[in-house]
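Descriptive structure summary
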Amino acid sequence: MIDPIRRSVMVTCSVEKAFDVFTEGMGTWWPVREFSRAADQEDAQVKTERVVVEPWVGGRIFETMSDGSEGSWGTILVWDAPHRLVMAWKPNRTELPPTEVEIQFIEQDDGRTRVDLEHRGWERLGDLAQRGRGEYAGGWTLVFEERFAAAANGAA
C-alpha cells in the first residue's frame with residue numbers, strides 16, 4: 001500500500017462557507033493556467049473558462065474551455081454538504097483509473113474550520129503510482145494549502 005497524501009489547513013470561515021468555496025468556488029482559486037485540462041492541450045489558445053462541481057453523488061467535476069469543449073476532472077462519490085466530499089479524481093486524458101480525494105470540513109470551537117484533504121488510491125496507477133503521488137504531493141501544497149486556504153480565509 002502506498003501512503004495517502006494528507007494535508008490540513010485552518011481557515012477563518014464557517015464550515016458551510018469553506019465547503020462552498022471548495023466546491024462552488026473552485027474555479028476562483030484553482031490555478032487553471034498551470035493545472036487543468038486546457039493547460040495540458042497542445043493548443044495554447046484554448047483556456048479554461050470555468051470549473052464546475054455538480055453538487056450530488058454521481059455529479060461531475062469538469063472545466064469548460066474557450067473552444068466550447070469540456071474536460072473531465074472527476075466524479076462525486078460522496079456529497080455530504082457541508083462536512084464531507086469524496087471525489088474519483090482524474091483531471092487528465094490518460095487511460096489510467098482515477099485516484100480518490102476526500103475533503104472533510106470540521107468546525108472548531110473558535111469559529112474557524114479545519115479542512116482535511118486525503119488523496120489516496122495510488123496503487124490503481126500501477127507503475128506510475130510513486131511518480132503520480134510525488135507530483136501531487138507538491139501540487140496539493142500550492143493548490144490546497146495556499147490557494148484554497150487563501151480563498152476560504154478571504155470569504156470569512
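Here, the structure is the one placed above.
Throughout, a residue's number is its position along its own chain's written sequence, starting from 1. Only residues with pLDDT of 70 or above have their local features reported here, since the model is predicted, and side-chain atom pairs are shown and tallied only from 80 upward, although totals for entire chains, interfaces and linings are computed over all residues. Values shown for side chains rest on all heavy atoms present in the structure; no hydrogens or waters enter the calculation.

1. Some details on the packing of helix α1 (residues 15-23) against helix α4 (residues 129-154)
- Every axis in this analysis is a line fitted to C-alpha atoms, fitted for helices over the stretch in contact. Angles between the N-to-C directions lie between 0 and 180 degrees. Numbered from the N terminus, helices here are DSSP runs of H or I no shorter than four residues, and strands are runs of E no shorter than two. Here α1 crosses α4 at 125 degrees, and the two axes come no closer than 9 Å. Comparing the axis directions of α1 and α4 gives the class oblique. When the axes of α1 and α4 are compared, the crossing they make is right-handed. Side by side, α1 and α4 meet where Ala-18, Val-21 and Phe-22 of the first sit next to Phe-144, Phe-148, Ala-151 and Ala-152 of the second.
- Classification convention: Asp, Glu, Lys, Arg as charged; Ala, Val, Leu, Ile, Met, Phe, Trp, Tyr, Cys, Pro as nonpolar; all other residues, Gly among them, as polar. By residue class, the composition of the contact of α1 with α4 is seven nonpolar, no polar and no charged. Roughly parallel here means an angle under 35 degrees, roughly antiparallel means over 145, roughly perpendicular means 65 to 115, and every remaining angle is called oblique. Each helix crossing is assigned a hand: it is left-handed if the near helix lies turned anticlockwise from the far helix by less than a right angle, otherwise right-handed if that turn is clockwise. Only heavy atoms matter for contacts: two residues are in contact if any of them lie within 4.5 Å across the pair.

2. With respect to the side chain of Arg-7
- Tracing the sequence through the fold places Arg-7 in strand β1 (residues 5-11).
- Filtering out sequence-adjacent residues up to four positions away, Arg-7 remains in contact with Val-115, Asp-116, Leu-117, Ala-137, Trp-140, Thr-141, Phe-144 and Glu-145.

3. Examining the nonpolar core
- Buried Ala, Val, Leu, Ile, Met, Phe, Trp, Tyr and Cys residues form a nonpolar core when they are joined through side-chain atoms within 4.5 Å. Categorising residues by exposure relies on relative accessible area from a 1.4 Å probe, with only protein chains included: less than 20% of the type maximum marks a residue as buried, more than 50% marks it as exposed, and the intermediate range marks it as partly exposed. One finds Phe-22, Met-26, Phe-105, Val-115, Trp-140 and Phe-148 to be the most contacted residues of the largest nonpolar core, which totals 36 residues.
- Here this core takes eight residues from α4, the largest share from any one element.
- Leaving out residues up to four positions away in the same chain, Phe-22 has contacts with Trp-29, Leu-85, Met-87, Ile-103, Phe-105, Phe-144 and Phe-148.

4. Quick notes on the pairing of strand β7 (residues 113-120)
- For β7, the tally of buried residues reaches seven of eight residues, placing the bulk of the element in the interior.
- Two strands form a pair only when DSSP identifies at least two bridges running between them. Strand direction decides the pairing type here: β1 and β7, joined by seven bridges, are antiparallel. The residue of β7 that forms the bridge with Val-11 is Thr-113.
- Pairing between strand β6 (residues 99-107) and β7: eight bridges, direction antiparallel. Residue pairing in the sheet places Glu-107 in a bridge with Thr-113 of β7.
- In sequence, β6 turns back onto β7 through a hairpin of five residues, with Gly-111 there showing a positive phi of about 90 degrees.

5. Considering α4
- When the terminal C-alpha atoms of α4 are compared, their 35 Å separation across 26 residues agrees well with the 38 Å that a helix rising 1.5 Å per residue should span.
- The axis of α4 is deflected most strongly, by about 35 degrees, at Gly-139.
- Taken residue by residue, α4 has Ala-129, Gly-132, Ala-137, Gly-139, Trp-140, Val-143, Phe-144, Phe-148, Ala-149 and Ala-152 as its buried positions. To estimate how far a helix should reach, multiply one less than its number of residues by 1.5 Å. Bend at a given residue is defined as the angle between two axes, one fitted to the seven residues that end at that position and one fitted to the seven that begin there.

6. Quick word on the packing of aromatic side chains
- Between the rings of Phe, Tyr and Trp (Trp by its six-membered ring), a pair exists once the centres lie within 6.5 Å; its type follows the angle of the planes, with under 30 degrees stacked, over 60 edge-to-face, and the other angles tilted. Across all of its chains, the model carries 15 aromatic pairs by this definition.
- Residues Trp-30 and Trp-73 carry aromatic rings whose centres are separated by 5.1 Å and whose planes lie at 50 degrees to one another, so their mutual orientation is tilted. A residue pair is termed long-range when its members are at least 10 positions apart, and Trp-30 in the loop between α2 (26-29) and α3 (37-40) and Trp-73 in strand β4 (residues 70-80) qualify at 43 residues.
- The exposure class assigned to Trp-30 is buried, which follows from its relative accessible area of 7%.
- For the pair Trp-122 and Tyr-136, a centre-to-centre distance of 5.7 Å together with 45 degrees between the ring planes defines the contact as tilted. A residue pair is termed long-range when its members are at least 10 positions apart, and Trp-122 in the loop between β7 and α4 and Tyr-136 in helix α4 qualify at 14 residues.
- By relative accessible area, which is 0% here, Trp-122 ends up buried.
- Residue classification places Tyr-136 among the partly exposed residues on the basis of a relative accessible area of 23%.
- Comment: the charge-over-ring label is applied if NZ (Lys) or CZ (Arg) is within 6 Å of the ring centre and within 35 degrees of the ring normal. For Arg-60, the ring lying beneath its charged end belongs to Phe-62, and the centroid distance is 3.9 Å.

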